[in-house]
Every structure is written in structure tokens, then in C-alpha cells.
Amino acid sequence: MEAATAPEVASGSKLKVKEAIPADAERPQTPPGQGAGCPTPQLLPPIEEHPKIWLPRALRQTYIRKVGDTVNLLIPFQGKPKPQATWTHNGCALDTSRVSVRNGEQDSILFIREAQRADSGRYQLRVQLGGLEATATVDILVIERPGPPQSIKLVDVWGFNATLEWTPPQDTGNTALLGYTVQKADTKSGLWFTVLERYHRTSCIVSDLIVGNSYAFRVFAENQCGLSETAPITADLAHIQKAATIYKTKGFAQRDFSEAPKFTQPLADCTTVTGYDTQLFCCVRASPRPKIIWLKNKMDIQGNPKYRALTHLGICSLEIRKPGPFDGGIYTCKAVNPLGEASVDCRVDVKAPI
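Residues numbered from 1 in each chain as written. Predicted model: local features only at pLDDT ≥ 70, side-chain atom pairs only at ≥ 80, totals over all residues. Heavy atoms only, no water.

Engineer: Summarise the pattern of salt bridges; cite the residues concerned and give the values.
Structural biologist: For side chains bearing opposite charge, pairing can occur when the charged atoms are close. For the coordinates displayed, the defined rule picks out 14 salt bridges. Among the ionic pairs, K334 bridges to E341, the shortest N-O distance being 3.8 Å. Judged by its relative accessible area of 26%, K334 falls in the partly exposed class. Here E341 falls in the exposed class, since its relative accessible area comes to 52%. In this structure, a network of salt bridges that share partners links the residues R117, E144 and D171. (Salt bridge = Lys/Arg side-chain N within 4 Å of Asp/Glu carboxyl O. Buried < 20%, exposed > 50% of the residue type's maximum accessible area, 1.4 Å probe, protein only.)

The structure is reproduced here in C-alpha cells:
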């Protein structure tokens, strides 16, 4: 039987294959219009499973690593027959001297032995199968400790306080700063103590400094990796000096304690025996100090050696030495000052011994 002609195939009629003679079986037939030197077209296998990438949840946000850490990403995918997986970094081919890739039947592994900041960026995995493809992106950020702040200076010192200012570091470690750590140290001990942590401004006031001490200050920058390795120290010391204290007395009204004499304890009547000394007592209050005058029967007895008069702290006393029968009578104590006078009396009886 004869084979179908070319016009019959092009028109879409079914191709019927007949028995071939032995010579035809040994030699493949050449389609019309194709010479003997042209390659034979290869038919692609049918796609049994469309390509798809299963991106892990942890890689759907920025993947952060520190400088020197290992990056080992395993991304599973599907596709049958086995699709072709390729990686790019920021739209360019990978640097094979630093990044290695291993593609398996159902996953692809991206490996960086020691990450550097240059490895940061957007990595894209593309899985292709025939005319179909699937893509996934992973953002990697490689960070390190920030550099130290710059040009720290002591602006002012007053009372128990000091004002500091500084400028941000030139290198933030490839990530945002979390703040600054401010420390102080007095020259006596030389020990550093933290005053502020994760402080966001570039100026601050340090309070509660001790009088008589001198202080130095330093500032660290901080990010997710930690504090900067070094910190600048103020060139000038903050000397906390004791301020001169000026006491101002409040004015007050001077109280006038002046008063006329007044006896707070009167003389008491007494009876004595001839030949035995007798004493009379009374108390007087006055300002200014009064003059005390003793009288017997209204006669001044000052200067009489038979009597001795004493006055101390407002207590007035009169001693009658060895009284006789004629020493009895009315005794009077009289107090006089510029504001007035006062007097008290008592009766003294002298009896003969039995």
C-alpha cells in the first residue's frame, strides 16, 4: 500500500500508517520539504504537574543575618517532569565564588558560607517547565555592629547637671539604629555607669551628679547586633563644684519684754528664836532688772551689818543675823525699775528661848 502524500497531511486528515516493506523499516522516511541533512525534531514530554514554589513562612519577610553567619535556604517546589530552577541576585546572575546553589528533584538550596554585607539584596528563584514558570523572591539583609558616634562634646555644666551633644555614626551597620547608650565615669573610681539606654536623640542632660566630683562621658550606638565596639569620650571633664551658699535672714519684729516689777512669790510671816539666824525669801519678775530695797517698819535697812540682802535670778533673800527682841516687826521688800515698782510685806516675831 502507498504512504499518504504531503498535501493530505497538511490538510489535517488523519495520518494512517501502513505496513512498511523491510527497506522502509530500516530507513526512516523524510518529511516533504526536509532534506536528508536536517535534524529530526524531538517531541517534548507532556507536562504532568505545573511548576509551583512553596516559599516557607519565615522567608516571606526580610531574612536578617549577621556578618559571618551562614545562609542556608531550602526552597521546595513542584513540577513534573523535573523543572529547571535558576537564581538571580538583584536581577543579575549569582556570584558563584560566594554563593552556591544545589537543585534537587523537588527543592533548591541557596548556600552562603560566610555572609557579608554585599550579599544583602533581593534573591529570586525561577522554576521553568516548558512555557510555564513560577517565581519567588527572598529579601536578605546582612547586618553588623554600627560605628561609634562622632564629635561628642560637653556643652554646659550647671548645678548637678551636664549637657552633652554628639552626631550620629557614619556607618549604622546596614540597619536602623535602636538608639544610644550614654555612660558616665568619675575620675576618682574610673568606673563607667550607664545613665541612658536606647536614647533616640543626639543630645541629653545628665543629672544627679555628685558635688566635688569630676566626670567624663561616652556614648555608644546600638542596633540589632548590639552596641558599637568603641565609644567616643568627652575631651573636657564636668567639674561639679559646690556653690557658695548665701544665707538671707528674714526680718522679724523685735518683741518687747519690758515689764514693771511683779512679785510672783510673796514674803511669808515667820516666828524666830532669839540668837538664831533667820532668812526671808520672795520672788520678783521685772524687765529691766529692778533695784531691790529692804525696809523694816518702813525704815531702810540697806547697809546695816545686821542684815545681809542677796538677789539672784529674781530670788530675793534677807538674812537676819542673830535677831534680838527688838528685831521683830514688819519687813518689806520693794522692787523698783523705770516702768514701776512693787512691794511685799511680812511680819517677823522674835521670842525668847524656852
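On we go.
Engineer: Lay out unusual backbone geometry with the relevant residues and their values.
Structural biologist: The omega angle of the peptide bond from K80 to P81 is 5°, so this bond is cis rather than trans. With respect to the helices and strands, P81 occurs in the loop between strand 3 (71-80) and strand 4 (84-89). The peptide bond linking S287 to P288 adopts the cis configuration, its omega dihedral lying at 0°. Of note, R198 is a non-glycine position whose phi angle comes to about 50°, a positive value. If you trace the backbone, R198 turns up in strand 13 (residues 192-199). Positive phi, close to 55°, is recorded for L313, a residue that is not glycine. Examined against the element boundaries, L313 turns out to sit in the loop between strand 23 (307-312) and strand 24 (315-320). (Helix = DSSP H or I, 4+ residues; strand = E, 2+ residues; numbered from the N terminus.)

Engineer: Can you break down the sheet that holds strand 2 (residues 63-66) residue by residue, with the values?
Structural biologist: In spatial order, the strands read 2-9-8-4-5; together these five strands make up an open sheet with mixed pairing. Pairing within the sheet leaves two strands with one partner each, and these edge strands are strand 2 and strand 5 (92-93). In the sheet, strand 2 pairs with strand 9 (residues 132-143) via four bridges, with the strands oriented parallel. Bridging across to strand 9, K66 finds its partner in I143. (Pairing = 2+ DSSP bridges.)

Engineer: Mind laying out the sheet that holds strand 11 (residues 161-167), listing which residues take part and the relevant values?
Structural biologist: The three strands lie next to each other as 10-11-14, forming an open sheet whose pairing is antiparallel. Unpaired on one side and paired on the other, strand 10 (150-158) and strand 14 (203-206) mark the two borders of the sheet. The sheet shows a mean angle of 20° between the axes of neighbouring strands, taken without regard to direction. Pairing of strand 10 with strand 11, which is carried by six bridges, proceeds in the antiparallel orientation. Residue K153 lies in a different strand from strand 11, and its bridge partner there is E165. (Axes fitted to C-alpha atoms, helices over the stretch in contact; angles between N-to-C directions.)

Engineer: Describe the nonpolar core, and please don't skip the residues or the numbers.
Structural biologist: Counting residues in hydrophobic clusters, the biggest one holds 23 residues, and the most contacted among them are I53, L73, L110 and I140. Residue assignment for this core shows that the elements contributing at least two residues are strand 3, strand 4, strand 7 (107-112), strand 8 (121-129) and strand 9. The element best represented in this core is strand 9, accounting for five residues. The contacts of I140, once residues within four sequence positions are left out, are Y63, V71, L73, L110, D119, S120, G121 and Y123. (Core = buried A, V, L, I, M, F, W, Y, C linked by side-chain atoms within 4.5 Å. Contact = heavy atoms within 4.5 Å.)

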